Amino acid sequence: MSDTIEGGTSRSPRFTHWCALFVFSTIVLGAAVEAANNNGESGDPKTESNEKWSIVCASCTFAFCAIVILMHFNAVTSLFIVGTKIEGLLCLVLAAFWSGLVAVVADSRHGLAVNEKGAVSNGNLYYFSWAGLICAVTLLTSYLRSAFQIDIQSELKTRSARLSVWTAHMAAAIVVMGSSTNIFKNDCVNAFVGDEFCRRTKLGIGLGAVGAFFALVIVFMKIYTSKAPFLLEAVLGAILVGSFAFGTAYITSEQGPGSPLGNLYYFTWGCFLSSFLLCSSLYDDYNAAKSMGGGDNNDLAMEEGNKTNGAAEDDQI
């Protein structure tokens, strides 16, 4: 659970993560304060409330990480933090804080890290908020693995092939749907940019909803039955890769809502790439099944192909 370094000080295997999270929180805190000062008195209570929330989240993370890092450098105080329930509670709280922070600063309605068009207007606040969220989630999963022997990544690999990719696709599709909805409200309901723009925005909402629903069905089946029908996966994967191939070009082009660099741009491309990886893995499984047998043994061979290729495919991801 912990290792000993020179001087007898015990450090958590997550010490590097704590240091990285401290750096991210410092950058986000400075960027959030600067954004709040630049916006001044916006007159919008919701925006001012979100500005305060982002500063509070970054400040709490900064303070927690600083205290934890300092406690690692003393053999006595490290006993209270390394691999203890206190560290686990802090990991959980920080993951919740960063989730809320990203939801606020990346929302185009509030104008903190992105403008009303969904384009990144404050790079430090936007990118390091996402980096902090990823680091906080990694910190939490590392604690669960060491304290309770819960290895989430291995569980996903052994549960069923492509489960982690379907889960990632579902998360990305939800972001696409949410971002498109915000843009539609801002530019097609409260204001009107144009028919072409609004049609493409509606496409983003539809693709996000369909992608999230398809992925949810497969994830549900894989979690509760350890597998999903190969043909169902293949059909849904083919629909998704075709839809997002067209949708990505249509949404992220110059006249589309996803043309500015922001959530919609990045996660639309993320959906296309994840759907492409799904189809690639399915094709590999199909070839593996063909090489292992034919005739009445096709179903058994396909299942074996799923099992043997699942771990390798997830490792590549």
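Below or above, wherever it landed, is the structure these notes cover.

How each quantity is defined
- Residues numbered from 1 in each chain as written.
- Predicted model: local features only at pLDDT ≥ 70, side-chain atom pairs only at ≥ 80, totals over all residues.
- Heavy atoms only, no water.
- Phe/Tyr/Trp six-rings, centres within 6.5 Å; stacked < 30°, edge-to-face > 60°.
- Helix = DSSP H or I, 4+ residues; strand = E, 2+ residues; numbered from the N terminus.
- Buried < 20%, exposed > 50% of the residue type's maximum accessible area, 1.4 Å probe, protein only.
- Disulfide = S-S within 2.5 Å.
- Expected span 1.5 Å × (residues − 1).
- Salt bridge = Lys/Arg side-chain N within 4 Å of Asp/Glu carboxyl O.

**A few points about the packing of aromatic side chains**
Alright, step 1. A full pass over the atoms with the stated rule returns 12 aromatic pairs.
Alright, step 2. The interplanar angle of 85° and the centroid separation of 5.7 Å between the aromatic rings of Phe-15 and Phe-73 together place this pair among those described as edge-to-face. With Phe-15 in helix 1 (residues 15-39) and Phe-73 in the loop between helix 2 (45-72) and helix 3 (85-105), the pair connects residues that are 58 residues apart, well separated along the chain.
Alright, step 3. Taken together, a centroid distance of 5.0 Å and an interplanar angle of 25° make the contact between Phe-22 and Phe-62 stacked. Placement of Phe-22 in helix 1 and of Phe-62 in helix 2 is noted, with a sequence separation of 40 residues between them.
Alright, step 4. Assessed through its relative accessible area of 25%, Phe-22 is described here as partly exposed.

**Topic: the state of the cysteines**
Alright, step 1. Inspection of every chain in the model, using the stated rule, returns 1 disulfide.
Alright, step 2. Across the disulfide, Cys-188 is cross-linked to Cys-198 (sulfur-sulfur distance 2.1 Å). Between Cys-188 and Cys-198 the sulfur-sulfur dihedral comes to about -110°; the bridge is accordingly left-handed. Taken together, the residues span a long stretch of sequence, with Cys-188 in helix 6 (residues 163-189) and Cys-198 in helix 7 (residues 195-225) at a distance of 10 residues.
Alright, step 3. Under the relative-accessibility criterion, Cys-188 is labelled buried at 14%.
Alright, step 4. The structure places no disulfide on Cys-65, whose sulfur is separated from the nearest cysteine sulfur, that of Cys-135, by 7.8 Å.
Alright, step 5. Owing to a relative accessible area of 0%, Cys-65 belongs among the buried residues under this scheme.

**With respect to helix 2**
Alright, step 1. Here helix 2 spans 41 Å end to end across 28 residues, near enough to the 40 Å set by a 1.5 Å rise per residue.
Alright, step 2. Here helix 2 has its buried residues at Thr-47, Asn-50, Glu-51, Ser-54, Cys-57, Ala-58, Thr-61, Cys-65, Val-68, Ile-69 and His-72.

**Considerations on the pattern of salt bridges**
Alright, step 1. Tallied over the entire structure, the rule returns 6 salt bridges.
Alright, step 2. Between Glu-196 and Arg-199 there is a salt bridge, with the nearest N and O atoms lying 2.5 Å from each other. Placement of both Glu-196 and Arg-199 in helix 7 is noted, with a separation of 3 residues, approximately one turn of the helix.
Alright, step 3. A salt bridge links Glu-196 to Arg-200, with the nearest nitrogen and oxygen atoms 2.8 Å apart. Here the residue Glu-196 and the residue Arg-200 both occupy positions in helix 7, the gap between them amounting to 4 residues, near one helical turn.
Alright, step 4. Owing to a relative accessible area of 23%, Glu-196 belongs among the partly exposed residues under this scheme.
Alright, step 5. A relative accessible area of 10% means that Arg-200 is categorised as buried.
Alright, step 6. Each of Arg-162, Lys-222, Glu-233 and Asp-285 takes part in salt bridges that share partners, so that together they form one network.

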